[in-house]
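Structural overview for review
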Amino acid sequence: MGRNPPMVTVTQTPTDPDPTAGPPTGRTNGRTLRALRDVPVPLALITMITLAGVVLGRVYADPLLTRLILGAAIGSVLVSVAARRQPSWLVAPLSVAGLAGWTLLSLRLAASHAALPGSLAEVTADAARNAIPRLLTAMIPVEPAPDTVLLPVVAAWLTGLAAAEVALRTRRMLLGYLPPVLLYTGAVYVVGPNAGPAITPTVVFAAVAAAGLATPSHRDGPTTTDPTAGLTPAVRATVRLRLLAASAAGVAVVVALTALLAPIVAAQVDDRPVDPRRYVEPPQVESLDENPLIRISGWALNPDQKLLEVHTETGPTGPARIRLAVLSDYDGVTWRVGATYRNAGRILPTTEPAPDTTTDTIRQQITVADLTGRLLPAVPTPREVTGARVAYDPTTATLIRPEGLTPGLRYTVTSAREHLDSNLLATANVPAGDPVARVLRVPDGAPEQLRHLATQLAEQNGAPYARATAIQDFLAEHYRTTPDAPSGHAYPNLAFFLFGPRNGGGQQGTSEQFAASFAVLGRLAGLPTRVVVGFAPNDDGPVHAADAFAWPEVLFDGVGWVPFDPMPRPDQDPRPVEEDFHPTPDNPPPSEVPEPTVEPTPTAPTEAAPGPRADRGGLSTPVLVGGGTGTLALLIGLALLTLATLRRNLTRTRLERGDPGRRIAGAWRELTDTLRLAGHPVGDDLAAAEVAVQARRTLADALAERPGKPGSDVADREPDELAALLNQVAFAPHTATPGQAARAAELATRYAAALRTARPWWRRLLWTVHPGPLRWHR
C-alpha cells in the first residue's frame, strides 16, 4: 500500500506591509496631533510679546516699533522651537546670534526711516551709548530711531528666549509667562500717562494667556498616555468635547471678568500713572544759551563776524526772519529761556495755526560758522529737521542740538511760516488767567517810573493792540540805537535807558534794551509778552553778527504771537522824552549786571521695579535650573547695567556740565552722596565746614577699621578744600574758574574712591549700582 504524503501546515506570519497599501494612518495622525498641540504655546508667547509692543507703540509716531517687536518675538520663539530637540546649552548661542542679526537689521531700518546720517557702525555705537536716556527723554510721540528702538527690540528678544525655553522645554507654562508679563508691565510703565488706558490690549493679553494655559500639555516619550485611551470611540469623542467646552468656558469667563472689572478697577485709581520721564533730566541749555539776550551787545561790537550760512532750497524768496531763542521768564534781573527740551526725531510735532492765518512752507539749508552754544537757529515754525539730532520745545517751537554747535555743522530745516491777518488785530483781545500767567508776571521791584509810563500809555489806549502799538511808537520815537551800549536789562538798566539823561548815556541802547523795555512795559499794561532773539538777514548767504537782534512779541486771542518792532527809524531823530513824560532820572547802573547763580538741578531717579523671586518649586531638571538661572542673570544684569549707566550719567552731569559754579555744587553733592552711601548722611542744618569735618572723620574711621588701605592723605585735605570752593560759589557768585571746577571734580572723585576702597568687598560691589543718589536731592 502506498503511504499518503504528509500534510504541510502553512502558518501565515507577519510580513512587511504591502508597498501598494496606504500609509500608516495611525502614526501619521498621532504626529499631526502632537504638532497641532505644540502650536498654541509658541503662538501665545509671540502674541503676548507683540501686545507689549502694541502698548509701547502707542507713544511712537508710527507702527515701525510694533513691527520690529513682532519680528523679535517670532524670531526668538522660533529659534527655541527649532532647537528644542538639541541640547539646552546650544540654544543660547543660536538665539544670541539671531538677536544680533535682527538688532542690526532693526537699527538699519530705523536709521533709514529717521534719515540719520552715518554708517551702520556709527549709528549702532551711538544707539548703544544713549538708548536708555534718549528713550526716556524723547518727545511724545517718539519717532522710531535707532536709539529709541534698540532697548525695546533687545528686551522683546530676550523675553521670547526665556519664555520659550521655560514653557516649551519644561512645560512650565505659568512660569514661562513671567517674562512676557514683566515685559508688558514695563511697557505700561514706560508709557505712563502719555496715552489712554490700555484696556483692549490687556483683555487680549489675559485671553491669550488663559488660552495657552487651557491647552493640554504632553511629554514626549514612551510614558505618554491618552486619558481617553480604552474608551469606546463614542465615549472618547464625548469626553474630549466636554473638555474642550470646559476650556472654552473658562477662557470666556476670564475674558469677561477682565473686560468688566478692568474699567471698574481703573476708575478707582485717582492718581495719574507715574511718568518715568520725570526721573530723567531732559537736555539742558548752557548758561550762555539760557539768556542769549546778553549776546546782542557783543555781536553789535563785532558786526562782521560770520555766524551762519543760509541757503533757501524751496519756498518764497526774500528775507526770512530766523529765530534762535524765545525768552518767556523775567525775574527783574535777566530774561531766560525756561524751555523744556525733549529729544525729537526728524519729524517734529505739528500745531494747528490760528484761524484765518495762512502759512507757506520754506526749506533752508543752514551751515554753522562761528555761532556757539546749543540753540539751533530756524525759521519759525520748524516742522522737519535733517542732518542733525535735535531736541524740541513745543511751547516755544525752538530747537537745540544737545551735543552743541560746531563749525561746519550743516542741517536742513523745513518750516511753516505763518502770515497773520492784520485786520483782526484792532479788535483782538488778549488772554488772561493761569495758562498765560508766566508771560504776564511782573516781578517785584519794578521802578515807579516804569509803572507810571506804562499806566500813561495804557490809559490813552484802551484796546490791547492799541496799547502795544503805543508802546512800540513811544520807544521808536524817543530813543536811538548805539552799538557800544553796555549790556543789561535788569530793572535799573531799563530805568536808566528809558529815563536817564541823554548826555550821560541814557535814552540809547541796542535791540536788547528796546525789546526788554517793550516786554516789561507791556506786562505792566496787562499784555502777555515775551522776548525773541534771532537774525534778520537781507537775503541768502552769510549771516553776520550785524544781522542779530531781539524783538518783542504779544499774544492775542485767535491770532497768536504777534511780533512788534520798537526800533527807531534810521532817518528819524528821536524826540526828547521830557516832551511826553517827566521822570526823575536815576543814577546810571553798572555796565554789567551779574546774573544770579544757577543752582544745579540734580538728575531725578528712575525707580527700578522689584524683580520677581525665582520659583524653585518643581524645578528638578538641570535644564530648567540652567535656563531659569541664565534668564534671571540676564534680567539682573540688565537692571544693574541700567542703574550703573544712570549713576554714571548723573556724575558726569554734575561734574562736567554747566558753568564752573554749577559743577562745583555738583561735586559737593557727589561728596554728600558718598557719605550717605557709606551710612553717614549729613544733616541739612550743617555748614560746609562742618560737613567737611564729618567727611574727614568718616574716612578716618573707615581706614582705621581696615588698616593698610590708601587714602589717609585724602582725609586731611580734600573735604576742606572742596568746602572752601563751595563757600566761594555761594558767597561770591561767578568768581569760580573752570580750573577750580575741574579741581572740585577731582577732589570729589578722589574722596569717593578712597571711602569706597575702605568699605567691605560686598559694599564696594553694590556702591556703583545703588539707586539712592538717583532719588536723593529731588
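Below is a summary of the structure that appears in this document. (Residues numbered from 1 in each chain as written. Predicted model: local features only at pLDDT ≥ 70, side-chain atom pairs only at ≥ 80, totals over all residues. Heavy atoms only, no water.)

Some words on the nonpolar core
Within soluble globular proteins, side chains that are nonpolar generally end up buried alongside one another. The biggest cluster of nonpolar side chains holds 82 residues, and the ones touching the most others in it are Leu293, Trp299, Trp335, Leu371, Tyr411, Phe535 and Phe556. A total of 7 residues in this core trace back to one element, the largest contributor, which is helix H16 (residues 511-524). The next biggest cluster of nonpolar side chains, apart from the first, holds 47 residues, and it includes Tyr60, Leu65, Ile69 and Ala164. (Core = buried A, V, L, I, M, F, W, Y, C linked by side-chain atoms within 4.5 Å. Buried < 20%, exposed > 50% of the residue type's maximum accessible area, 1.4 Å probe, protein only. Helix = DSSP H or I, 4+ residues; strand = E, 2+ residues; numbered from the N terminus.)

What about the packing of helix H2 (residues 40-57) against helix H3 (residues 64-82)?
As a packed pair, H2 and H3 sit with axes 8 Å apart at the nearest point and diverge in direction by 160 degrees. Comparing the axis directions of H2 and H3 gives the class roughly antiparallel. Relative to H3, H2 is oriented so that their crossing is right-handed. Mapping the contact onto sequence places Pro42, Leu45, Ile46, Ile49, Thr50, Gly53, Val54, Leu56 and Gly57 in H2 and Leu65, Thr66, Ile69, Leu70, Ala73, Ile74, Val77 and Val81 in H3. (Axes fitted to C-alpha atoms, helices over the stretch in contact; angles between N-to-C directions. Parallel < 35°, antiparallel > 145°, perpendicular 65-115°, else oblique. Left-handed = near helix turned anticlockwise from the far one by under 90°. Contact = heavy atoms within 4.5 Å.)

As for helix H19 (residues 688-705)
Compared with the 26 Å implied by 1.5 Å per residue over 18 residues, the 26 Å span of H19 between its first and last C-alpha is a close match. Three or more residues of H19 are buried, namely Ala688, Val691, Ala692, Gln694, Ala695, Thr698, Leu699, Ala702 and Leu703. Looking down the long axis of H19, one finds its buried residues gathered within 165 degrees of arc, a one-sided arrangement. Across from the buried face of H19, at angles greater than 90 degrees, the exposed residues are Ala704 and Glu705. (Expected span 1.5 Å × (residues − 1). Arc of directions from axis to C-beta.)

So, the sheet that holds strand S7 (residues 375-376)
By definition, the strands of a sheet pair up through backbone hydrogen bonds, in either a parallel or an antiparallel sense. Read from one edge of the open sheet, 4 strands run S5-S9-S10-S7, paired in antiparallel fashion. The sheet terminates laterally at strand S5 (342-344) and S7, the two strands that pair on one side only. For S5 and strand S9 (residues 390-393), the ladder comprises 3 bridges, and the chain directions are antiparallel. If you follow alanine 344 over to S9, its bridge partner there is valine 390. (Pairing = 2+ DSSP bridges.)

Re the environment of aspartate 540
Here aspartate 540 is to be found in the loop between strand S14 (529-535) and strand S15 (541-544). What makes aspartate 540 partly exposed here is its relative accessible area of 34%. Separated by 176 residues in the primary sequence, aspartate 540 and glutamine 364 have C-alpha atoms spaced 9.4 Å apart. Leaving out residues up to four positions away in the same chain, aspartate 540 has contacts with Val310, His311 and Thr312. Separated by 2.7 Å, the side chain of aspartate 540 and the backbone nitrogen of threonine 312 make a polar contact. (Polar contact = N/O pair within 3.5 Å; in protein donor to acceptor, adjacent residues only side chain to side chain.)

Here we look at the sheet that holds S14
One open sheet holds the 4 strands; their spatial order is S2-S14-S16-S17, and the pairing between them is antiparallel. The open sheet is flanked by strand S2 (322-327) and strand S17 (560-563), the only strands paired with a single partner. Geometrically, the sheet is characterised by an average inter-axis angle of 35 degrees between neighbouring strands, direction not taken into account. Relative to S17, strand S16 (residues 548-556) is paired through 4 bridges, and the arrangement is antiparallel. Paired with valine 554 across the two strands is valine 562, which belongs to S17.

Details of the packing of aromatic side chains
Under the definition given, this model contains 12 aromatic pairs. Ring geometry for tyrosine 479 against phenylalanine 497: centres 5.0 Å apart, planes inclined by 25 degrees, an arrangement best described as stacked. One end of the pair, tyrosine 479, is in the loop between helix H14 (464-478) and strand S12 (480-481); the other, phenylalanine 497, is in helix H15 (residues 491-499), with 18 residues separating them in the sequence. Each member of the pair tyrosine 479 and phenylalanine 497 is classed as buried. For the pair phenylalanine 549 and tryptophan 551, a centre-to-centre distance of 4.9 Å together with 35 degrees between the ring planes defines the contact as tilted. What makes phenylalanine 549 buried here is its relative accessible area of 17%. (Phe/Tyr/Trp six-rings, centres within 6.5 Å; stacked < 30°, edge-to-face > 60°.)

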